[in-house]
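Examination of the molecular architecture
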6 protein chains.
Amino acid sequence: MFVTRKAEFSASHVCRVPSLSDQENQQLYGEGANPNGHGHNYLLEVTVEGDPDPATGMVINLQALKEILLREVVEPMDHRFLNYEVEPFHKVVPTPENIAGEIWRRLENNLQGLPARLARVRLYETPDHHVDIVRGDLSL
Amino acid sequence: MFVTRKAEFSASHVCRVPSLSDQENQQLYGEGANPNGHGHNYLLEVTVEGDPDPATGMVINLQALKEILLREVVEPMDHRFLNYEVEPFHKVVPTPENIAGEIWRRLENNLQGLPARLARVRLYETPDHHVDIVRGDLSL
Amino acid sequence: MFVTRKAEFSASHVCRVPSLSDQENQQLYGEGANPNGHGHNYLLEVTVEGDPDPATGMVINLQALKEILLREVVEPMDHRFLNYEVEPFHKVVPTPENIAGEIWRRLENNLQGLPARLARVRLYETPDHHVDIVRGDLSL
Amino acid sequence: MFVTRKAEFSASHVCRVPSLSDQENQQLYGEGANPNGHGHNYLLEVTVEGDPDPATGMVINLQALKEILLREVVEPMDHRFLNYEVEPFHKVVPTPENIAGEIWRRLENNLQGLPARLARVRLYETPDHHVDIVRGDLSL
Amino acid sequence: MFVTRKAEFSASHVCRVPSLSDQENQQLYGEGANPNGHGHNYLLEVTVEGDPDPATGMVINLQALKEILLREVVEPMDHRFLNYEVEPFHKVVPTPENIAGEIWRRLENNLQGLPARLARVRLYETPDHHVDIVRGDLSL
Amino acid sequence: MFVTRKAEFSASHVCRVPSLSDQENQQLYGEGANPNGHGHNYLLEVTVEGDPDPATGMVINLQALKEILLREVVEPMDHRFLNYEVEPFHKVVPTPENIAGEIWRRLENNLQGLPARLARVRLYETPDHHVDIVRGDLSL
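Residues numbered from 1 in each chain as written. Chains lettered and ligands numbered in written order. Predicted model: local features only at pLDDT ≥ 70, side-chain atom pairs only at ≥ 80, totals over all residues. Heavy atoms only, no water.

1. With respect to the overall build of chain A
In plain terms, the rule: Per the convention used, a helix needs a DSSP run of H or I reaching at least four residues, while a strand needs a run of E reaching at least two, with both numbered from the N terminus. We call a residue buried when its accessible area falls under 20% of the maximum for its residue type, exposed when it is over 50%, and partly exposed in between, using a 1.4 Å probe and counting protein chains only. Every residue pair with non-hydrogen atoms within 4.5 Å of one another is taken to be in contact. Areas reported as accessible are Shrake-Rupley estimates using a 1.4 Å probe. Residue values count occlusion only from the protein chains shown. The positive count covers Lys and Arg only, the negative count covers Asp and Glu only, and His and the chain ends enter neither. Charged side chains are reduced to one point each, which is NZ for Lys, CZ for Arg, CG for Asp and CD for Glu.
On a plain count of helices and strands, chain A comes out with four helices and five strands. Its helices and strands in sequence order give chain A the pattern β-α-β-α-β-α-α-β-β, from N to C terminus. Seen along its three principal axes, the alpha-carbon backbone of chain A occupies a region of about 60 × 30 × 25 Å. Counting all 140 residues of chain A, 64% fall into the buried class. Partitioning the intrachain contacts of chain A with sequence separation of at least 6 by distance along the chain shows that 65% fall at a separation of at least 24. By element, 47% of the accessible surface of chain A is carried by carbon and sulfur atoms, the whole surface being about 5,500 Å². Here chain A contributes 13 positively and 21 negatively charged side chains, and the mean placements of these two sets differ by 3 Å.

Below, the structure written as structure tokens:
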């Protein structure tokens, strides 16, 4: 069984590869390459997988999951300029793919010891564009 | 191919394990353990899987699916206090995990004979929190 | 200028007039008259009106507004059975009209001294059904 | 990793099997069999799968994906009467299952040569009813 | 106090003034002038205004309002081609402005005798485009 | 009658009054005072008011309205850092109140000569927080 919890954070980012020209960056990222940066209301959906405890009927203590999300993702990323204030984005381009990858790493480390494992990280950059990371032995 | 249909019902529930203390229940379920109960607008998404009929272009008669959802889930659960009025929640804690499990059982029994099989039950307790049950040989 | 802030709470209620018969209550409130109660995820939108401060560019300190909403509405009503746990609903039917009226009274009292006045309280009982209270000298 | 992009188009359709009677069509498609046609705001979600390029942090150039969606699906189908103006729906019933199938074929042909493969086509006919086509070796 | 109820219908329409050329119609209505027609999921919000009854706490019997909406608007317009099947659109262009006007007339006639008067008709043609008709002595 | 059109833009901003201390800015704007900036997906709803043309059934040519929105608001503000790239925000704090005010001025100037006048500008900074500017002789 899967349990999904949503969270939101508002942040700025710039998408540029420093070794490329302005024109090449524009071709890759469109307006997202503007060096002054722009921002989004990111919507995050985190899914964990496990069996409901027969006594409590819960896969995971939801309060514990919310606290991990808040501490590991929302607090460090909300109202930040990702390239300048959140690791590893001073040297990794903060595309939604890479932001989702970093969120996956932060959450997986912190879910150790809980009775559910991370199954999917979905990150919406806008309502029309999102990415999913799914555990290797799961599908979409 | 998968076909998904949504339905909604508004219900009350209490999440408490009778053998545990007030404090333990509060730790497990937070405010959800309040013995007077509270309620939600539950949003249900039911997905069935099958091949479209070459003549009709449909996996399943949508009208038939809607009637099963209405008869088996919405009518018995809408505007009810789940712990007191809907089986098996007088003795099973009506967490979203357990409500989704009960919906799966009711639907699977009633889809026998139709040309599609139940693939996923997704239940939103709030827009920020949902659970999924997925057929064993499917993934998320 | 108007500033609107949303908040949510999940609660149970029963809609019944004690002096009426079961059949009369059913005619008035439909399934909402079920004496065991049922529940909703209530969505509240509170609008205040004022002029932006020329120095700060804000009509009202949003943090102050959020705290009033939390203290006066969300904390006392969230995860409660309104008829039994929230005044004045032990003797006033908690229809969305009456809940919105009570929220208006609680907020208006608490916005005294802030540089904006309450302009509208909108309460969604479901996504398909909401009520608005608007200051007498305003329109919809 | 999966990347999903949304698009919308507004179109008319009629769902009827010519060899069947009015009554049989009504039983299959309900009001959707009305020979004058009716319409929808179709919402399309297209998901591609691939590995993010280590240099750019992107699975696919989003601008390229948007152009394919626009050219192959939105422009030919938006503001059209599908049965009369879009192939193959002069002879194939434009159920959501069949429309999604046609979108899958158009996109898969046009994604050749890009570094990501089509993983899922999701098509909403209304907010309450959608279909999914998922690559054979993926699950839901 | 205002009470709002939502309803939906799916319909086809063509926007063309017969006395104008193809090019002039295209300039006025864009792709909406396609003579084959296209369609939408129309979302309707109907608002009535009145004082809550002190005994029942309701402005209007919601069940009565739903029945009027269903009988006067949803049933005659849902799954129809408006220009051919719904009066007065054989001779009046079914723009959202004109459809909302027709809905206003149908509802106002049928709310006579109920303790609330029609205050606003809001009609969404798409999520990005809607129109409002508001009673003359009310504002937005 | 009122016609409303939505548009979106993604931008960065910082909310700080230069003459105030860090602590005072933090008290006014919370995390929004972070000098590196943060960002949002801004959702804009623009409402115009007028009478439908009896021949065309339209209050305003929607294509003309969309072009004004695009040229005056979306193109200059989308993917920009408002404080550094959009006038007058190098010296005016880009709170939602002030951004909406600037949008009102840009639109009102550009709607001259069209058969409808600006009635309301609504700007969502997040789904939970928005502001409205309404023409002086209109209400909410």
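2. With respect to the interface of chain D and chain E
The condition is simple: Simply put, the buried area is the total loss of 1.4 Å probe accessible area from both parts when two parts are fitted together. For this analysis, a salt bridge means a side-chain nitrogen from Lys or Arg found within 4 Å of a carboxyl oxygen belonging to Asp or Glu. Whenever two N or O atoms come within 3.5 Å, that pair is a polar contact, provided that in protein one can donate a hydrogen and the other can accept it, and provided that, for residues adjacent in sequence, both atoms are side-chain atoms. Gly is placed with the polar residues, together with every amino acid not listed as nonpolar (Ala, Val, Leu, Ile, Met, Phe, Trp, Tyr, Cys and Pro) or charged (Asp, Glu, Lys and Arg).
Taken together, the contacts link 21 residues of chain D with 21 residues of chain E. Interface area, chain D with chain E, both sides summed: about 1,600 Å², of which 42% is carbon and sulfur. For chain D, the biggest contributors to the area lost against chain E are Asn36, Asn41 and His79 of chain D; these three give 32% of the whole. Residue Glu31 of chain E pairs with Arg80 of chain D through a salt bridge whose shortest N-O separation is 2.9 Å. Where chain D packs against chain E, one counts 24 residue pairs in polar contact (both at pLDDT 80 or more). Grouping the constituent residues of the side of chain D that touches chain E by class yields four nonpolar, 12 polar and five charged.

3. Overview of helix H4 (residues 96–111) of chain C
Residue and element names in this part refer to chain C. For the record, the criterion: Helix span, as expected, comes to 1.5 Å for every residue beyond the first.
Here H4 is 16 residues long and its end C-alpha atoms lie 22 Å apart, about the 22 Å a rise of 1.5 Å per residue gives. Looking only at H4, the buried set comprises Pro96, Glu97, Asn98, Ile99, Ala100, Gly101, Glu102, Ile103, Trp104, Arg106, Leu107 and Leu111. In the segment just after H4, Gly113 is the residue with positive phi, at about 90°.

4. Considerations on the relation of the copies chain F and chain A
Rules: All copies are superposed by least squares; the fitting set is the C-alpha atoms of residues with a pLDDT of at least 70 in both.
With an RMSD of 0.0 Å, chain F superimposes on chain A once it is rotated by 180° and translated 0.0 Å along the axis. Those values place the two copies in the arrangement expected of a two-fold rotation axis. The residues that chain F uses at the interface reappear at the interface of chain A in 100% of cases, marking a shared surface.

5. Details of helix H2 (residues 62–77) of chain B
How we decide: Here the bend at a residue is taken as the angle between two axes, fitted respectively to the seven residues that end there and the seven that start there.
Between its terminal C-alpha atoms H2 of chain B stretches 21 Å, which fits the 22 Å expected from 16 residues at 1.5 Å a residue. Approximately 40° is the largest bend angle found in H2 of chain B, and it occurs at Leu70 of chain B. Buried residues belonging to H2 of chain B abut strand S1 (2–13), strand S2 (38–49), strand S3 (80–81), helix H3 (82–85) and helix H4 (96–111) of chain B together with strand S5 (129–134) of chain D. The N-cap of H2 of chain B, judged by a side-chain oxygen 2.9 Å from the amide nitrogen of Gln63 of chain B a few residues on, is Asn61 of chain B. Positive phi appears at His79 of chain B, one or two residues downstream of H2 of chain B, with a value of about 60°.

6. Thoughts on the environment of Pro52 of chain A
Tracing the backbone shows Pro52 of chain A in the loop between strand S2 (38–49) and helix H2 (62–77). Apart from residues no more than four positions distant in its own chain, Pro52 of chain A is found in contact with Met1, Gly57, Met58 and Val59 of chain A together with Glu97 of chain B.

7. Focus on the pattern of salt bridges
The tally for this structure, following the rule as stated, stands at 72 salt bridges over all chains. Taking the shortest distance from any N to any O, the salt bridge between Glu45 of chain D and Lys6 of chain D comes out at 3.9 Å. Residue Glu45 of chain D is located in strand S2 (residues 38–49), and its partner Lys6 of chain D is located in strand S1 (residues 2–13); the two are separated by 39 residues in the primary sequence. Across the pair, Lys6 of chain D and Glu45 of chain D agree in class, each one buried. Note that Asp132 of chain D and Arg120 of chain D form a salt bridge whose closest N and O atoms lie 3.6 Å from each other. Here Arg120 of chain D lies in strand S4 (residues 117–126) and Asp132 of chain D lies in strand S5, a separation of 12 residues in the sequence. The residues Asp132 of chain D and Arg120 of chain D share a single accessibility class, namely buried. Here the salt bridges share partners, and the residues they tie into one network are Lys6, Glu45, Arg120, Arg122 and Asp132 of chain A.

8. Some thoughts on the relation of the copies chain D and chain E
The operation relating chain D to chain E is a screw motion whose rotation component is 180°, with 0.0 Å of axial translation and a residual RMSD of 0.0 Å. Comparing interface residues between copies, 100% of those in chain D also lie at the interface in chain E; the contact surface is shared.

9. Section: unusual backbone geometry
Backbone torsion omega between Glu87 of chain D and Pro88 of chain D reads 0°, so that peptide bond is classified as cis. With respect to the element layout, Pro88 of chain D can be found in the loop between helix H3 (82–85) and helix H4 (96–111).

10. As for the interface of chain F and chain A
In this assembly, 21 residues from chain F lie in contact with 21 residues from chain A. Buried surface at the junction of chain F and chain A, summed over both partners, amounts to about 1,600 Å²; 43% is from carbon and sulfur atoms. Taken as a group, Asn36, Asn41 and His79 of chain F account for 32% of the area that chain F buries against chain A, more than any other trio of residues on that side. Our enumeration of links across chain F and chain A arrives at two salt bridges. Connecting chain F to chain A are 24 residue pairs in polar contact (both at pLDDT 80 or more). Residue assignment for the side of chain F that touches chain A shows that the elements contributing at least two residues are strand S1 (2–13), strand S2 (38–49), strand S3 (80–81), helix H3 (82–85) and strand S4 (117–126) of chain F.

11. Some details on the packing of helix H2 (residues 62–77) of chain E against helix H4 (residues 96–111) of chain E
Residue and element names in this part refer to chain E. Selection criterion: Only the stretch in contact is used when a helix axis is fitted, and all axes are lines through C-alpha atoms; the angle between N-to-C directions ranges over 0 to 180 degrees. Oblique is the label for every angle not falling under 35 degrees (roughly parallel), over 145 degrees (roughly antiparallel), or within 65 to 115 degrees (roughly perpendicular). Handedness of a helix crossing follows the sense of rotation of the near helix relative to the far helix, less than a right angle counterclockwise being left-handed and clockwise being right-handed.
Contact pair H2 / H4: the axes reach a minimum separation of 10 Å and the direction vectors enclose 140°. Considered as vectors, H2 and H4 are oriented oblique to each other. As for the relative orientation of H2 and H4, their crossing is right-handed in sense. Two secondary-structure elements touch here, H2 through Leu65, Ile68, Leu69, Arg71, Glu72, Val73, Pro76 and Met77 and H4 through Ile99, Glu102, Ile103, Arg106, Leu107, Asn110 and Leu111. Of the residues contributing to the contact of H2 with H4, the split by class is 10 nonpolar, one polar and four charged.

12. Some thoughts on the nonpolar core
Note the threshold: We call a set of buried Ala, Val, Leu, Ile, Met, Phe, Trp, Tyr and Cys residues a nonpolar core when their side-chain atoms join them within 4.5 Å.
Residues Ile103 of chain C, Ile103 of chain E together with Ile103 of chain F are the most contacted members of the largest nonpolar core, which totals 97 residues. With 96 residues, the next largest nonpolar core counts Leu107 and Val121 of chain A together with Ala7 and Ile99 of chain D among its residues.

13. Concerning the arrangement of the chains
In this structure chain C stays clear of chain D, and the shortest span between their C-alpha atoms is 13 Å. What separates chain D from chain F at the closest point of their C-alpha atoms is a distance of 15 Å, and the two make no contact.

14. Remarks on the side chain of Asp132 of chain D
By relative accessible area, which is 1% here, Asp132 of chain D ends up buried. Here the side chain of Asp132 of chain D touches Arg122 of chain D through a polar contact of 2.7 Å, side chain to side chain.

15. Remarks on the environment of Tyr29 of chain B
Relative to the elements of secondary structure, Tyr29 of chain B occurs in helix H1 (residues 22–29). For Tyr29 of chain B, a relative accessible area of 12% gives the class buried. A polar side-chain atom of Tyr29 of chain B sits 2.7 Å from the main-chain carbonyl oxygen of Thr56 of chain A.

16. Points about the pairing of strand S5 (residues 129–134) of chain E
In plain terms, the rule: Two strands are counted as paired when DSSP detects at least two bridges linking them.
With six of six residues buried, S5 of chain E is to be regarded as a mostly interior element. Burial along S5 of chain E is two-sided: the residues His129, Val131 and Ile133 of chain E and His130, Asp132 and Val134 of chain E are all buried. Looking at chain direction, strand S4 (residues 117–126) of chain E and S5 of chain E are connected through six bridges and run antiparallel. Looking across to S5 of chain E, one finds that Tyr124 of chain E is bridged to His130 of chain E. The hairpin formed by S4 of chain E and S5 of chain E contains two residues between the paired strands. Across four bridges, the pairing between S5 of chain E and S1 of chain F is antiparallel. From the neighbouring strand, His129 of chain E faces S1 of chain F, where its bridge partner is Arg5 of chain F.

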